[in-house]
Amino acid sequence: MSVQYHKGNVTIVFKTSNRSNAQTKIKVFNNRNVDEIINENSKLPGIPETAVWLEVGVGELFIKKFSNKYKI
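Overview of the structure. (Residues numbered from 1 in each chain as written. Predicted model: local features only at pLDDT ≥ 70, side-chain atom pairs only at ≥ 80, totals over all residues. Heavy atoms only, no water.)

**Section: the overall build of the protein chain**
Of the regular secondary structure elements, the protein chain holds 2 helices and 3 strands. Secondary structure elements of the protein chain, listed N to C terminal, follow the sequence β-β-α-β-α. In the protein chain, the share of contacts with a sequence separation of at least 24, taken over all contacts with a separation of at least 6, comes to 53%. Accessible surface, the protein chain as shown: approximately 5300 Å² in total, 48% of it carbon and sulfur. (Helix = DSSP H or I, 4+ residues; strand = E, 2+ residues; numbered from the N terminus. Contact = heavy atoms within 4.5 Å. Areas by Shrake-Rupley, 256 points an atom, 1.4 Å probe, with all protein chains shown as cover.)

Here is the structure:
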């Protein structure tokens, strides 16, 4: 018996490196669930391996919330 998870919008806010002047970016995944993304955090397309994750959220609300919070 396999369990199917909801594949909603997963929003990740990250900095491109650990430096203080690193650029802050948002990446949204529509076709993966949050467990897959957290387990594969070093191999995600569009996010460098040296990136520092700031926040992760599931749902449409977090896209707007993170955009306003980090002024992106």
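**A few points about the nonpolar core**
In this structure, V10, I12, F14, F29, I37, L44, I47 and A51 together form the largest nonpolar core, which totals 8 residues. Looking at which element gives the most residues to this core, the answer is strand β1 (residues 10-15), with 3 residues. (Core = buried A, V, L, I, M, F, W, Y, C linked by side-chain atoms within 4.5 Å. Buried < 20%, exposed > 50% of the residue type's maximum accessible area, 1.4 Å probe, protein only.)

**Topic: the packing of aromatic side chains**
A full pass over the atoms with the stated rule returns 1 aromatic pair. Ring centres of F62 and F66 lie 5.4 Å apart, and the angle between their planes is 40°; this geometry places the pair in the tilted category. In this pair, F62 and F66 both sit in helix α2 (residues 60-70), 4 residues apart, roughly one turn of the helix. In this structure F66 comes out as buried when scored by relative accessible area, which is 1%. Directly above the ring of F29 sits K27, whose terminal nitrogen or CZ lies 5.5 Å from the centroid. (Phe/Tyr/Trp six-rings, centres within 6.5 Å; stacked < 30°, edge-to-face > 60°. Lys NZ or Arg CZ within 6 Å of the ring centre and 35° of its normal.)

**Some details on the side chain of T11**
Mapped onto the secondary structure, T11 falls in strand β1. Look past the residues within four positions of T11 in its chain and what remains in contact with it is I26, K27, V28, E55, V56, G57, G59, F62, I63 and F66.

**Things to note about unusual backbone geometry**
Even without being a glycine, K71 presents a positive backbone phi close to 55°. Looking at the secondary structure, you find K71 in the segment after α2.

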